[in-house]
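Coordinates in review
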Amino acid sequence: QRSDQTGVSPAQQLRKAGLTVRDRPKSIHEGVLAIRARLQPASGHPTLIIHERCEQLIRSLETLHYPRDNPHALTPAKDGPDHAADALRYLIVSLDCVESARGYWS
């Protein structure tokens, strides 16, 4: 996303500095599904465990909800402390990108 102040995204700033930036845009819905899949996989053990000391993240995940007036919405409501949940989503999406790239190149 572009900064409200500069109109430039962090990825653009990094590219301008000469760094290689690889990104794979995913929807919020896809990111939420990726977190859910790691917390409770269809088989085997969870691949994401959140430590009890991560109180802000736990609070953020517990308060995450979908709009009451649109139960079929694919994106959570943006009306609470969701920065930690968003950060986790970005991390998981990035890790999934790296893992899929490894599978592609091996």
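These remarks concern the structure in this document. Every chain is numbered independently, its residues counted from 1 as its sequence is written. Selection of residues for local features in this predicted model requires a pLDDT of at least 70, selection of side-chain atom pairs for listing and counting requires 80 or more, and totals for whole chains, interfaces and linings are taken over all residues. Here the side-chain values reflect all heavy atoms present in the structure, with hydrogen atoms and water set aside.

Put simply, DSSP H or I for four residues or longer makes a helix, DSSP E for two residues or longer makes a strand, and each gets a number counted from the N terminus. Per the secondary structure count, the protein chain includes 4 helices and 0 strands. Listed N to C, the secondary structure of the protein chain is α-α-α-α in terms of helices and strands. Categorising residues by exposure relies on relative accessible area from a 1.4 Å probe, with only protein chains included: less than 20% of the type maximum marks a residue as buried, more than 50% marks it as exposed, and the intermediate range marks it as partly exposed. Per-residue burial over the protein chain gives 21% buried out of 106 residues. Contacts are assigned to residue pairs that have any heavy atoms within 4.5 Å of one another. Long-range contacts, defined as pairs at least 24 residues apart, comprise 47% of the intrachain contacts of the protein chain with a sequence gap of at least 6. Accessible area of the protein chain: about 8500 Å², with a carbon and sulfur share of 55%. Per-residue and other accessible areas follow the Shrake-Rupley method at a 1.4 Å probe size, with only the shown protein chains counted as cover for residues.

Now for the side chain of Asp96. If you trace the backbone, Asp96 turns up in helix α4 (residues 83-105). At a separation of 2.7 Å, a polar atom in the side chain of Asp96 contacts the side chain of Arg38. In this structure Asp96 touches Lys26, Ala34 and Arg38, once residues within four positions along its chain are discounted. N or O atoms closer than or at 3.5 Å make up a polar contact, with two conditions inside protein: a donor-capable atom paired with an acceptor-capable one, and, for residues adjacent in sequence, both atoms drawn from side chains.

On to the side chain of Asp82. With respect to the helices and strands, Asp82 occurs in the loop between α3 (55-63) and α4. Among the residues examined, Asp82 registers a relative accessible area of 9% and is labelled buried. A distance of 2.8 Å separates polar atoms of two side chains, one belonging to Asp82 and the other to Lys78. The contacts of Asp82, once residues within four sequence positions are left out, are Ser60 and Leu64.

Within this document, salt bridges are pairs made up of a side-chain nitrogen of Lys or Arg and a carboxyl oxygen of Asp or Glu, the two lying within 4 Å of each other. Inspection of the entire model under this criterion finds 4 salt bridges. A salt bridge links Arg38 to Asp96; its shortest N-O distance comes to 2.7 Å. A residue pair is termed long-range when its members are at least 10 positions apart, and Arg38 in helix α2 (residues 28-39) and Asp96 in helix α4 qualify at 58 residues. The pair Arg38 / Asp96 is uniform in exposure class, with both members buried. The salt bridge involving Asp86 is made with Lys78; its shortest N-O contact spans 3.0 Å. On the basis of relative accessibility, which here comes to 13%, the residue Asp86 falls in the buried class. Here Lys78 falls in the exposed class, since its relative accessible area comes to 56%. A single network of salt bridges, built from pairs that share partners, joins Lys78, Asp82, Asp86 and Arg89.

Let's shift gears to the nonpolar core. Definition of nonpolar core: a set of buried residues of the types Ala, Val, Leu, Ile, Met, Phe, Trp, Tyr and Cys, connected through side-chain atoms within 4.5 Å. Ranked by size, the top nonpolar core spans 7 residues in total: Ala34, Ile35, Leu48, Leu57, Ala84, Leu88 and Ile92. Elements with a contribution of two residues or more to this core: α2 and α4. Setting aside chain neighbours within four positions, we find Ile35 in contact with Leu48, Ala85, Leu88, Arg89 and Ile92.

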